[in-house]
Amino acid sequence: MQTTNQKLKDWVEQIANHCLPQDVYWCDGSKTEQDNLLKELVAQGTFKPVAARPNSYWVCSHPSDVARVEKRTFICSRKEEDAGPTNNWMDPAQMKQILWPKFAGCMQGRRMYVIPFCMGPYDSPLAKIGVEITDSPYVVANMYLMARVGEKALAKLGNGDFIPCLHSVGAPLLAGQKDVPWPCEPDPENKYIVQFPEEHMIWSYGSGYGGNALLGKKCLALRIASVMARKEGWLAEHMLILSLTNPQGKTFYMAAAFPSACGKTNLAMLKMPLPGWQVKCLGDDIAWLRPGSDGRLWAINPEYGFFGVAPGTSGKTNAQAMAAMEKNAIFTNVALADDGDVWWEGIDREITGAIDWQGARWTPGCGRKAAHPNSRFTAPLSQCPILDEHWNDGEGVPLSAIIFGGRRPSTVPLVTEAFSWEHGVFFGSAIASETTAANLDQVGIVRRDPFAMRPFFGYHVCDYFQHWLSFKNLSHLPRIFMVNWFQKEGERFLWPGYSDNGRVLKWITQRLENKVPGQKSALGINPGLQELDLTGLKIAASDLARLLTCDGHQWKKEAQSIAEFYQSLGPKVPPALWQQLTDLQKRLDPSPREHHSSCCMF
Ligand code: GTP
Ligand code: SPV
Ligand code: MN
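Residues numbered from 1 in each chain as written. Chains lettered and ligands numbered in written order. Predicted model: local features only at pLDDT ≥ 70, side-chain atom pairs only at ≥ 80, totals over all residues. Heavy atoms only, no water.

**Quick notes on the overall build of the protein chain**
Selection criterion: Strands are runs of DSSP state E lasting at least two residues, helices are runs of H or I lasting at least four, and both sets are numbered from the N terminus onward. C-alpha atoms define the radius of gyration in this analysis, and the globule rule sets the expected value at 2.2 Å times the number of residues to the power 0.38. Only protein chains enter the accessibility calculation, which uses a 1.4 Å probe; a residue whose area is less than 20% of its type maximum is buried, one above 50% is exposed, and one in between is partly exposed. Contact criterion: two residues are considered in contact whenever any of their non-hydrogen atoms come within 4.5 Å of each other. Per-residue and other accessible areas follow the Shrake-Rupley method at a 1.4 Å probe size, with only the shown protein chains counted as cover for residues. Charged residues are defined here as Lys and Arg on the positive side and Asp and Glu on the negative side; His and the ends of the chain fall outside this count. Just so you know, the charge point we use is NZ for Lys, CZ for Arg, CG for Asp and CD for Glu.
Each helix and strand in the protein chain was counted, giving 16 helices and 33 strands. Against the 2.2 N^0.38 benchmark of 25 Å for 602 residues, the protein chain shows a C-alpha radius of gyration of 24 Å, consistent with a compact globule. Counting only C-alpha atoms and orienting by the principal axes, one finds that the protein chain spans roughly 80 × 55 × 45 Å. Expressed as a percentage of the 602 residues in the protein chain, the buried residues total 61%. In the protein chain, the proportion of contacts linking residues at least 24 apart, taken out of those at least 6 apart, comes to 73%. Carbon together with sulfur atoms contributes 51% to the accessible area of the protein chain, which is approximately 22800 Å² in total. Computed over 61 positive and 61 negative side-chain charges, the inter-centroid distance for the protein chain is 3 Å.

**Things to note about the coordination of the manganese ion (ligand 3)**
Definition in use: Here a donor is any nitrogen, oxygen or sulfur atom (N, O, S) within 2.8 Å of the metal, with 3.2 Å used for Na, K and Ca; water is not among the atoms considered, so some sites may look incomplete. Note on geometry labels: four donors, all angles 85 to 135 degrees, give tetrahedral; four donors become square planar and six octahedral when opposite donors are over 155 degrees apart and every other angle is between 65 and 115; remaining cases are irregular.
Those donors, Lys218 (NZ), His238 (NE2) and Asp285 (OD), are the protein atoms that reach the manganese ion (ligand 3), and they lie 2.1 to 2.5 Å from it. Geometry at the manganese ion (ligand 3) is irregular, judged from the six donor atoms that bind it and their angles of 63 to 172° at the metal. Residue Lys218 is classed as buried on the basis of its relative accessible area, which comes to 6%.

**Focus on unusual backbone geometry**
Even without being a glycine, Asn328 presents a positive backbone phi close to 50°. Examined against the element boundaries, Asn328 turns out to sit in the loop between α10 (315–324) and β19 (330–332). A positive phi angle is found at Phe451, which is not glycine, with a value near 55°. With respect to the secondary-structure elements, Phe451 resides in the loop between β28 (446–448) and α12 (461–469).

**Observations regarding the site of ligand 2**
What counts here: The criterion for a residue being near a molecule or strand is simple. One of its heavy atoms has to lie within 4 Å of it. Two N or O atoms count as a polar contact when they lie within 3.5 Å, although within protein this holds only if one can serve as hydrogen donor and the other as acceptor, and sequence-adjacent residues are included solely when both atoms are side-chain atoms. Method remark: on a 1 Å grid restricted to protein atoms, a set of points is classed as a cavity if a 1.4 Å probe fits but cannot get out and as a pocket if it is open with protein on both sides within 12 Å along at least five of seven lines; lining residues have an atom within 4 Å of a point. Molecule-in-pocket calls rest on the fraction of atoms, with more than half required to lie within 2 Å of the cavity or pocket grid points. Under the scheme applied, nonpolar residues are Ala, Val, Leu, Ile, Met, Phe, Trp, Tyr, Cys and Pro; charged residues are Asp, Glu, Lys and Arg; polar residues are all the others, including Gly. Domain limits in this description derive from either an automatic procedure or a database domain assignment.
Lining the immediate environment of ligand 2, one finds Arg68, Gly210, Gly211, Lys217, Lys218, His238, Ser260, Asp285, Phe307, Arg376, Ala438 and Phe456. A distance of 2.5 Å separates an oxygen atom of ligand 2 from a polar side-chain atom of Lys218. For ligand 2, an oxygen atom lies 3.3 Å from a polar atom in the side chain of His238. With respect to the detected pockets, ligand 2 is housed in the largest pocket. Where the shell around ligand 2 is concerned, the elements lending two or more residues are α7 (210–213) and α8 (216–232). When its residues are assigned to classes, the shell around ligand 2 shows three nonpolar, four polar and five charged. Each of domain 1 (6–44 + 71–233) and domain 2 (236–304 + 390–588) contributes no fewer than three residues to the shell around ligand 2.

**Looking at the domain arrangement of the protein chain**
Test applied: Buried surface area refers to the total accessible area, computed with a probe of radius 1.4 Å, that the two partners give up upon joining, counted for both partners together. Definition used for salt bridges: Asp or Glu carboxyl oxygen within 4 Å of a side-chain nitrogen of Lys or Arg.
Entries for the protein chain in the domain assignment read domain 1 (6–44 + 71–233), domain 2 (236–304 + 390–588) and domain 3 (306–383). Between domain 1 and domain 3, the C-alpha centre-to-centre distance is 27 Å. Listed as interface residues are nine residues of domain 1 and, on the opposing side, twelve residues of domain 3. Carbon and sulfur atoms make up 69% of the area that domain 1 and domain 3 hide from each other, which totals about 820 Å². Among the residues of domain 1 in contact with domain 3, Leu145, Met146 and Tyr209 are the three that bury the most area, contributing 60% of the side total. Seen at the junction of domain 1 and domain 3, the total is zero salt bridges. A total of five residues in the side of domain 1 that touches domain 3 trace back to one element, the largest contributor, which is helix α5 (residues 137–146). Across the side of domain 1 that touches domain 3, the residue classes tally to six nonpolar, two polar and one charged.

**So, the sheet that holds strand β22 (residues 354–355)**
Going by this rule: Strands pair, by our definition, only if DSSP identifies at least two bridges between them.
Strand order across the open sheet formed by four strands is β21-β20-β22-β23, with antiparallel pairing between neighbours. Only two strands of the sheet have a single neighbouring strand rather than two, namely β21 (342–343) and β23 (361–362). Sheet topology places strand β20 (residues 335–337) next to β22; two bridges connect them, and they run antiparallel. Bridged to Ala337 within β22 is Ala354.

**Focus: the sheet that holds strand β3 (residues 57–59)**
Pairing is mixed in the open sheet, where five strands are placed in the order β2-β3-β19-β24-β18. Two strands lie at the open edges of the sheet, namely β2 (48–49) and β18 (305–309), each paired on one side alone. Bridge analysis of β19 against strand β24 (residues 376–380) gives three bridges, and the strand direction is antiparallel. If you follow Thr332 over to β24, its bridge partner there is Arg376.

**Considering the layout of surface pockets**
Condition: Grid points are joined across faces, edges and corners, and a volume is the space filled by probe spheres set on the points.
Considered as a void within the structure, the largest pocket measures approximately 1100 Å³ in volume. Taken together, 48 residues form the lining of the largest pocket, with Ala261, Cys262, Val309, Pro311 and Arg407 sitting closest to its centre. Counting only elements with at least two residues in the lining of the largest pocket, the list comes to α7, α8, α9 (264–268) and β18. Considering each element in turn, the lining of the largest pocket owes the most residues, four residues, to α9. Forming the walls of the second largest pocket are 29 residues, and the residues nearest its centre are Glu70, Asn439, Arg447, Arg454 and Pro455. Per-element tally for the lining of the second largest pocket: the top contributor is strand β4 (residues 73–75), with three residues. Taken together, the residues that form the lining of the second largest pocket break down as nine nonpolar, eleven polar and nine charged. Residue contributions to the lining of the second largest pocket reach at least three from each of two domains, namely domain 1 (6–44 + 71–233) and domain 2 (236–304 + 390–588).

Structural data, given as structure tokens:
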């Protein structure tokens, strides 16, 4: 493949001379090339074809390499202050001194792939070109599905600027050494996921999994893009994008930010439980939002595929995702059942036995999980049966609503509308959620995850808050909502979730059209007890009441915890957000003069 881009040629040559691969291969993205790569992955024992699905493959990682590693993720800005209190920071020169020697000879015995890729539709004003260099054919196979890869990206690049993304699994193959199915650096302390925000550059060493290795995704489209977005006046967000059309034929576009493994893919492909309503999907993980000349916020999905959580996905919970992965899919760390198809917990299919994600014999009831909790499917967006017709439009779609959410067993009601943009930014800044298996760390701890971006900010979190606030004068801003599908009593979810979340989406559109008054609480606007369309749903009145009310006692504690969180972020928390918190506290605890009988209602 030909490029006249001297900067690219020089960089590829420099990396090849340093990493010493056995050869260098430029990916053109063609079907023939993809087929050959898949054959090689099968031949070397990394991929196993899934008999039940055309052109689909089962692959298991090294047991140490199963999720993003936030502890080993760094923002290497020149000043520590610019990375902010939520990021690991190291001086860029010092980081390079540590990492560059690790890359020396690290690709010996392996092929070095050069993958030109485009994030965003080719004709989008926001589209960005990256070039990933990797020694992992698994990464190449996934990048074909997750990004727009190959000749067209290279043509769009021309002699312009690209984001260099260097990746190695950190496992050179020395002469005579036998390869393993999943080469990587097994010591988590020796993995590095590094962003250089001033240079717009990414170096990733030691891991072959997901966001650690598919560098177009979290590293480029969130961490580096958030830095570019701040400078250029747009937003790079951990959000799904969907359209919802009502029975009258009116379409609303919405974006929603939930932390990792908290329901974006499921909401993005939701099957409406109400006749005449239809959700269509534009994206399930990342959205880039740009103010239009019409004063609206326009959203594109920079990605080209889904890298979705497998466990819990079934024909019942997400039939659209199941259809999207019927063919041309990659399954990582799920089980391979005796019936020749992939399997995971919650797939809703009886099996007699399987090979589990670690290659061991597995039978139902044996006490172990067959699939890793962060096992994933990779599938092209184009295979989603309810893909929105505007998914590939460069301009994107205009948003009517932005939704923030998290996994909260208590406290946060099912849905609350913000009073204003600033109040909505306050909601985003204060999201908390139980941690999940998407990160290699303790699971199930409630932590603040502002804007569902805590692991993905490319710069200081307080500057990010300020950047969001700076949009407040746009004339047609989307309205902001906060949701929580995960309230629990003991182990039981109070809300059925999944497709029934469509009932909440319907209420949101009714608020947008001023068709329901809502009910004011200290927190914001919640649905009145009669406002949610519960046709066909059995739910106890007591559960519903709990789901829809702001509990004043819990919220006083919550407000205190948000104050502590803001304090932990240092002096740069924007005054407008402190003001929102103070206003909330006043509404929760009005002075005796203003006191009303109920604790939380006005
Ligand atoms: P990332 O890809 O990590 O960013 O995750 P995500 O936000 O796309 O989450 P996803 O939709 O894949 O859901 C993660 C897990 O939450 C899966 O096991 C789902 O089955 C489960 N889940 C999703 N939506 C709901 C819901 O409404 N209620 C309940 N109880 N579980 C849900
Ligand atoms: C997430 O963790 O939010 C994911 C998976 O979407 S990964 O691509 O690994 O980041
Ligand atoms: Mn995600």
